[in-house]
Amino acid sequence: MASNKETESDTDAEGGQSGGVQSVERALTVLEILAREGHAGVSEIAEEMGIHKSTVSRLMGSLVTREMVHQNSERGKYQLGFGILRLASSIPGRLSLVREARPVLESLAEEFKETVNLAVLRSNYAVNVDQAMGPSTLATYDWVGSLTPLHATSSGKVLLAALEADDRDRILKETGLTARTARTITSRKELDAQLLEVVAKGYAVVREEFEIGLNAVAVPVYNHQGVVIGALSISGPAFRFDPEKIPGLLDTLKDAGLKVSANMGYTRH
C-alpha cells in the first residue's frame, strides 16, 4: 500500500514541473508492466508500482484516450493498444506489422491473382490496415481503413477465435450478430462452434457471409509472445474462389501468416 508521503507527493505533483516528469515516468512504467505481463488490472499495477489505485486509474484513462492501452475485458484488465504500433511504425528499424507484412501480401496477390488484406482488431471490428490487389481482381475497392464485422468476415473470425471468452462475449453483446447477407451466421451457438473449428484448423473461411458473391479465407498473425495481433486474408469472387478447393492455397497462406509472424518476433515451440 502506498504511504501518506506518496499520497502527498501525488497531490503536489499535479501542479508542478516535477509532477509532469513523475507522470511521464509512471506512464512509461505502466507500459513496461503491460509489455512484460501481457495484461494487468489497476490493482496489480498499483501494487507493483507502490502507488494508489486512483493514481493508476488516472494514468490508464490518459493512456486509453491516446490508444496506448485498451481495456480487454469487463474485469478491468488492460493491455497495450494500437497506438503503440502506430508509434513504433514511425521509427526506422523497429517492427511494424504493415511494413513487415507488405512483401508477403504482394507475393500472395501475385501468386493467387486475388485481393490480399491485412487486418487488426480495433473498436470491436476488424480494420484493414493494408491491401495488395491481384491481377485477376474484378473490383478495385480499397478496403484499407474499412471497419468490417468480426462475425461475418474471415479476418474477423480469426481475431474473434483468438480472444479470451470474456472479451468475445463483451464484443458480441455490443455489436450483435447482424445479418449482412442471407448466409451470415446470426446464431451465437453456431458461431461459437465455428470459432472452435477456426482454432483447430488454423484458418477461417466465409462464403458470401459479408457480401454476396465474395468468398474469403484468413489465417492469424502472431507477435513475439504468441498472441494473435492480426489476420492475413485472401478474397475473391465466389464463382471462382473457393479456398478449400484451390490446390496449395491453404498451406501457402498458413506459411505466409507464419512468415509475417516470424518477422514480428514469433517463434514456434
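Numbering of residues starts from 1 in every chain and runs along the sequence as written. Reporting of local features is limited, given that this is a predicted model, to residues whose pLDDT is at least 70; pairs of side-chain atoms are given and counted only at 80 or more, and all residues count toward the totals for whole chains, interfaces and linings. Excluding hydrogens and water, the side-chain values take into account all heavy atoms of the structure.

### Remarks on the overall build of the protein chain
Phase 1 of the analysis: The numbering of helices and of strands both runs from the N terminus, where a helix is a DSSP run of H or I of at least 4 residues and a strand a run of E of at least 2. Along its length, the protein chain carries 10 helices and 8 strands.
Phase 2 of the analysis: Here the protein chain holds 269 residues, and 44% of them are scored as buried.
Phase 3 of the analysis: Partitioning the intrachain contacts of the protein chain with sequence separation of at least 6 by distance along the chain shows that 55% fall at a separation of at least 24.
Phase 4 of the analysis: The accessible surface values rely on the Shrake-Rupley method and a 1.4 Å probe; as for residues, cover is taken only from the protein chains in view. In the form shown here, the protein chain has an accessible surface area of approximately 14200 Å², with 52% of it arising from carbon and sulfur atoms. Each residue gets one of three labels from its accessible area relative to the maximum for its type: buried under 20%, exposed over 50%, partly exposed in between, using a 1.4 Å probe on protein chains only. Whether two residues touch is decided by their heavy atoms; if any such pair falls within 4.5 Å, the residues are in contact.

### A word on the pairing of strand β8 (residues 228-237)
Phase 1 of the analysis: Of all 10 residues making up β8, 8 are buried, and the element is well covered by its neighbours.
Phase 2 of the analysis: Only when DSSP finds a minimum of two bridges between them are two strands counted as paired. As judged from the 5 bridges shared by strand β3 (residues 115-122) and β8, these two strands associate in the antiparallel manner. When the sheet's bridge partners are listed, threonine 115 is paired in β8 with serine 235.
Phase 3 of the analysis: Examined bridge by bridge, strand β7 (residues 214-222) and β8 share 9 bridges and lie antiparallel to one another. Along β8, the bridge assignment pairs proline 220 with alanine 231.
Phase 4 of the analysis: With antiparallel pairing between neighbouring strands as the criterion, β7 and β8 make up a hairpin whose turn holds 5 residues, including glycine 226 at a positive phi of roughly 80 degrees.

### Here we look at the pattern of salt bridges
Pairing between side chains of opposite charge can happen when the charged atoms of each approach one another.
Phase 1 of the analysis: Definition used for salt bridges: Asp or Glu carboxyl oxygen within 4 Å of a side-chain nitrogen of Lys or Arg. Counted under the stated rule, the structure contains 14 salt bridges.
Phase 2 of the analysis: Residue arginine 102 is joined to glutamate 106 by a salt bridge in which the shortest nitrogen-to-oxygen separation is 3.0 Å. Here arginine 102 pairs with glutamate 106, and both are found in helix α6 (residues 97-112), just 4 residues apart, close to one helical turn.
Phase 3 of the analysis: Residue glutamate 106 is classed as partly exposed on the basis of its relative accessible area of 41%.
Phase 4 of the analysis: Salt-bridge contacts for aspartate 130 lead to arginine 102; the nearest nitrogen and oxygen are separated by 2.9 Å. A residue pair is termed long-range when its members are at least 10 positions apart, and aspartate 130 in strand β4 (residues 125-132) and arginine 102 in helix α6 qualify at 28 residues.
Phase 5 of the analysis: According to the relative accessible area criterion, aspartate 130 is buried, its value standing at 10%.

### Topic: the confidence of the model for the protein chain
Phase 1 of the analysis: Think of pLDDT as the predictor's per-residue confidence, scored from 0 to 100. With 84% of its residues at a pLDDT of 70 or more, the protein chain shows a mean pLDDT of 83.
Phase 2 of the analysis: Looking across the protein chain, the model is least confident in helix α1 (residues 4-13), with a mean pLDDT of 42, and most confident in helix α7 (residues 154-161), with 96.
Phase 3 of the analysis: When the criterion is pLDDT under 50, residues 1-16 qualifies, and its contacts beyond four places in sequence or with other chains add up to 15 contacts.
Phase 4 of the analysis: Note on residues 91-95: pLDDT is under 50 here. Beyond four places in sequence and across chains, it has 8 contacts.

### Quick word on the packing of aromatic side chains
Phase 1 of the analysis: Working definition: rings of Phe, Tyr and Trp (its six-membered ring) pair if their centres are within 6.5 Å, and the pair is stacked with planes under 30 degrees apart, edge-to-face with planes over 60 apart, and tilted otherwise. Evaluation of the coordinates by the stated rule reveals 1 aromatic pair.
Phase 2 of the analysis: Both rings, one in tyrosine 222 and one in tyrosine 266, keep their centres 4.8 Å apart while their planes meet at 20 degrees; by these two values the pair is stacked. Of the two residues, tyrosine 222 is situated in strand β7 and tyrosine 266 in the segment after α10 (249-263); the sequence distance between them amounts to 44 residues.
Phase 3 of the analysis: By relative accessible area, tyrosine 266 is classed as buried at 18%.

### A look at the nonpolar core
Phase 1 of the analysis: Counting 26 residues, the largest nonpolar core has Leu108, Val217, Leu232 and Ile234 as the members making the most contacts within it.
Phase 2 of the analysis: Elements with a contribution of two residues or more to this core: α6, β3, β4, β7, β8 and α10.
Phase 3 of the analysis: Beyond its immediate chain neighbours, meaning those up to four positions away, isoleucine 234 contacts Leu108, Phe112, Glu114, Thr115, Val116, Asn215, Ala216, Val217, Phe241 and Leu253. The criterion is simple. A nonpolar core is a set of buried Ala, Val, Leu, Ile, Met, Phe, Trp, Tyr and Cys residues joined through side-chain atoms within 4.5 Å.

### Describing the packing of helix α8 (residues 165-175) against helix α9 (residues 188-201)
Phase 1 of the analysis: Each axis is a line fitted through C-alpha atoms, and for a helix only the stretch in contact is used; angles between axes span 0 to 180 degrees, taken between their N-to-C directions. At a closest axis distance of 13 Å, the pairing of α8 and α9 adopts a crossing angle of 140 degrees. For the element pair α8 / α9, the angle class is oblique. Of the two possible hands of crossing, α8 and α9 adopt the one that is right-handed. In this structure, α8 uses Arg168, Asp169 and Leu172 to contact α9, whose residues at the interface are Arg188, Leu191, Asp192 and Leu195.
Phase 2 of the analysis: Residues are grouped as follows: nonpolar covers Ala, Val, Leu, Ile, Met, Phe, Trp, Tyr, Cys and Pro; charged covers Asp, Glu, Lys and Arg; every other residue, Gly included, is treated as polar. Here the residues of the contact of α8 with α9 are counted per class, giving 3 nonpolar, no polar and 4 charged. An angle below 35 degrees is treated as roughly parallel, one above 145 as roughly antiparallel, one from 65 to 115 as roughly perpendicular, and anything else as oblique. The hand of a helix crossing depends on one turn: near helix anticlockwise from the far one by less than a right angle means left-handed, and clockwise means right-handed.

### Here's the deal with the sheet that holds strand β5 (residues 147-148)
Phase 1 of the analysis: Read from one edge of the open sheet, 6 strands run β5-β4-β3-β8-β7-β6, paired in antiparallel fashion. A single partner strand is all that each edge strand has here, and the edge strands are β5 and β6 (204-207).

### Considering the environment of alanine 35
Phase 1 of the analysis: As for its position among the elements, alanine 35 is in helix α2 (residues 17-37).
Phase 2 of the analysis: Taking the relative accessible area as the measure of exposure, alanine 35 reaches 39% and is therefore partly exposed.
Phase 3 of the analysis: Excluding its chain neighbours within four sequence positions, the residues that come into contact with alanine 35 are Leu80 and Gln225.

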